[in-house]
Amino acid sequence: TELKTRQTLPLPGNLGTLDSWRITQAQSQRYNRSGDSIPFGVMVRPDPANPGCVLPLSATGQVILGVVYRNHFRALIDSSTPGEVPDGDLIDVLARGAVIVSCEDATANIDDPVYVRHTADGGNTLIGAVASAAGTGLDLLPNARFVSAYYSTPGRAMIYIDLI
């Protein structure tokens, strides 16, 4: 028998394969309650009105649940929006582990801190996306680091988070 490995495709929401000794933990029993589709590879927060999750608010200091990741073992109820989880569908949120995220910062380097976009600023309009430097509309995400430099495919990088 031969074992072959392959680098994870840099698609937002794909899980990474770093630190195999660490257990990847996900919270998958939440629903998208945003009223719209949520893209894979962005951060989400709890919805205080419902047992679900939504995109970050335009405020600082909010609780972040984790990153919306692609669960290849469960089909979406509505698959008409590829790359996104439709409103009302179950959403898989990674709270600990490595994952490809939507990144607005082409200068991200290994070990850079992770900042989460909660308010649009100029051309940076993807709420829940990450950056590697502080700025308007961004909050520092504790216990998170970039573990890859910015991918040549625009808008993607791998981070490791531990929000548990």
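Data block above holds the structure.
The structure presented is a predicted model; accordingly, all values stated were derived computationally and were not measured.

A. View of the environment of Arg117. Inspection of the secondary structure assignment puts Arg117 in strand 8 (residues 113-117). The spatial distance from the C-alpha of Arg117 to the C-alpha of Asp139 is 6.7 Å, given a sequence separation of 22 residues. When near neighbours in sequence (up to four residues on either side) are disregarded, Arg117 contacts Pro56, Glu104, Asn124, Leu126, Ile127, Gly128, Ala129, Thr136, Gly137 and Leu138. Within polar-contact distance, the side chain of Arg117 engages the side chain of Glu104 at 2.7 Å. One polar contact links the side chain of Arg117 to the main-chain carbonyl oxygen of Thr136, over a distance of 2.9 Å.

B. Expanded view of the pattern of salt bridges. Overall, the coordinates contain two salt bridges when judged by the stated rule. Note that Asp162 and Arg96 form a salt bridge whose closest N and O atoms lie 3.0 Å from each other. Of this pair, Asp162 sits in strand 11 (residues 156-162) while Arg96 sits in strand 7 (residues 90-102), placing them 66 residues apart in sequence.

Here is what the cut-offs are and how they apply
Residues numbered from 1 in each chain as written. Predicted model: local features only at pLDDT ≥ 70, side-chain atom pairs only at ≥ 80, totals over all residues. Heavy atoms only, no water. Helix = DSSP H or I, 4+ residues; strand = E, 2+ residues; numbered from the N terminus. Contact = heavy atoms within 4.5 Å. Polar contact = N/O pair within 3.5 Å; in protein donor to acceptor, adjacent residues only side chain to side chain. Salt bridge = Lys/Arg side-chain N within 4 Å of Asp/Glu carboxyl O.

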